[in-house]
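Each chain is listed here by its residues.
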Amino acid sequence: MLISDVFDYYSKEFLPTYARAVAELQDKPVQITVEIENAFSHLAVSSAHQKDGNVKKQIEHLKKAFSHIERATLDAYKFIWISLLKKSRVFDRAGILEFATNTDLDKAIQLHEDFKKKAAEARIKELSNLEEEVSVRNRFYRDAVASADTLFECLDAKRLRKLRSFSIWNIVKSNSIAFIFGVIAGVAGNFLTDSIKSKIP
């Protein structure tokens, strides 16, 4: 392993994933920063061994640095996955798939099911074999995130706003009607009660 391999993975895999995780969370997860700090500590040690001519130790610490960056990437994917999983609950609401997507219903349903399947697979893969290579678990979470992105691409923001406005209006309207009928019933009840009392000697 070369130091260029470590920095290539860092720039192409970790940084974009970490940037998105921070954007999703609006915060920097501590466990990710700790992994990166550990990675750079190993890089420093590796550099020292390179100067000493100890190639074996140099490569050993390069691999350890790479491992920490891989785990940091996995953590970033998991944070993104959790955030998207929460956001995806919007698709469970009545009418969303039918009226708030920019694709046909069958495709919207299929995309929703694919995302739930990928999300479950990623979690099961991690919990069922914790000794498996981090790169394999990263791939499953990456696929789950990509599936979520495809799902959210079919969500039409304008239609969603209209559907929510319509739902709120229906709630207000139904509650208003119930309130009016309640008032009428109350007035009528009082009127009947007063009429009955007036007829009693």
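Peer 1: Tell me about the environment of Glu 60, residues and numbers included.
Peer 2: Relative to the elements of secondary structure, Glu 60 occurs in helix α3 (residues 55-87). Between the C-alpha atom of Glu 60 and that of Val 45, which follows or precedes it by 15 residues, the distance is 9.8 Å.

Peer 1: Please give an account of the packing of aromatic side chains that cites residues and values.
Peer 2: This model, assessed by the stated rule, comprises 6 aromatic pairs. Measuring from ring centre to ring centre gives 5.1 Å for Phe 14 and Tyr 18, while their planes differ by 15°; the resulting arrangement is stacked. Here Tyr 18 and Phe 14 lie together in helix α1 (residues 3-25), a separation of 4 residues that amounts to about one turn. Under the relative-accessibility criterion, Phe 14 is labelled buried at 2%. Tyr 18 gets classed as buried once you look at its relative accessible area, which sits at 14%. Aromatic rings pair up to connect Phe 7, Tyr 10, Phe 14, Tyr 18 and Phe 40 into one cluster.

Peer 1: Explain helix α5 (residues 105-128) to me, using residue names and the numbers behind them.
Peer 2: Three or four residues apart is the spacing at which side chains of an α-helix point the same way, because the helix has 3.6 residues per turn. Compared with the 34 Å implied by 1.5 Å per residue over 24 residues, the 34 Å span of α5 between its first and last C-alpha is a close match. For α5, the complete set of buried residues consists of Ala 108, Leu 111, His 112, Phe 115, Ala 119, Ala 122 and Glu 126.

Peer 1: So what's going on with α1? Which residues, and what values?
Peer 2: Between its terminal C-alpha atoms α1 stretches 31 Å, which fits the 33 Å expected from 23 residues at 1.5 Å a residue. The axis of α1 is deflected most strongly, by about 40°, at Phe 14, and proline Pro 16 appears within four residues downstream. Listing the buried residues of α1 in full gives Val 6, Tyr 9, Tyr 10, Phe 14, Thr 17, Tyr 18, Ala 21 and Glu 24. Lining the buried residues of α1 we find α2 (30-52), α3 and α6 (134-153).

Peer 1: Lay out the packing of α3 against α5 in plain terms, naming residues and giving numbers.
Peer 2: Where α3 contacts α5, the two axes come as close as 12 Å, and the packing angle between them is 140°. Considering only the axes of α3 and α5, their crossing is left-handed. Where α3 abuts α5, its residues Lys 78, Trp 81, Leu 84 and Leu 85 lie against Phe 115, Ala 119, Arg 123 and Glu 126. Across the contact of α3 with α5, the residue classes break down as 5 nonpolar, no polar and 3 charged.

The rules behind each value
All residue numbers here refer to positions counted from 1 along the written sequence of the relevant chain. Restriction of local features to residues with pLDDT of at least 70 applies here, the model being predicted, together with a cutoff of 80 or more for giving and counting side-chain atom pairs; totals for whole chains, interfaces and linings are based on all residues. Calculation of side-chain values draws on the structure's entire complement of heavy atoms; hydrogens and water are dropped beforehand. In DSSP terms, a helix is any run of H or I states spanning at least four residues, a strand is any run of E spanning at least two, and both are numbered starting from the N terminus. The aromatic pairing rule takes the rings of Phe, Tyr and Trp, using the six-membered ring of Trp, and pairs them if the centres are within 6.5 Å, calling planes under 30 degrees apart stacked, those over 60 edge-to-face and the rest tilted. Partly exposed describes any residue whose relative accessible area lies between the buried limit of under 20% and the exposed limit of over 50%, with all areas from a 1.4 Å probe on protein chains only and scaled to the type maximum. Multiply 1.5 Å by the residue count of a helix minus one, and that product is the helix's expected span. Bend is computed residue by residue as the angle between axes fitted to the seven residues ending at the residue and the seven residues starting at it. The contact criterion used is simple: two residues touch if any of their non-hydrogen atoms lie within 4.5 Å. The convention used is that axes are lines fitted to C-alpha atoms, helices contributing only their stretch in contact, and that angles between N-to-C directions extend from 0 to 180 degrees. Here a crossing is called left-handed whenever its near helix is offset anticlockwise from the far helix by less than a right angle, and right-handed whenever the offset is clockwise. Three classes are used: nonpolar for Ala, Val, Leu, Ile, Met, Phe, Trp, Tyr, Cys and Pro, charged for Asp, Glu, Lys and Arg, and polar for all others, with Gly counted as polar.

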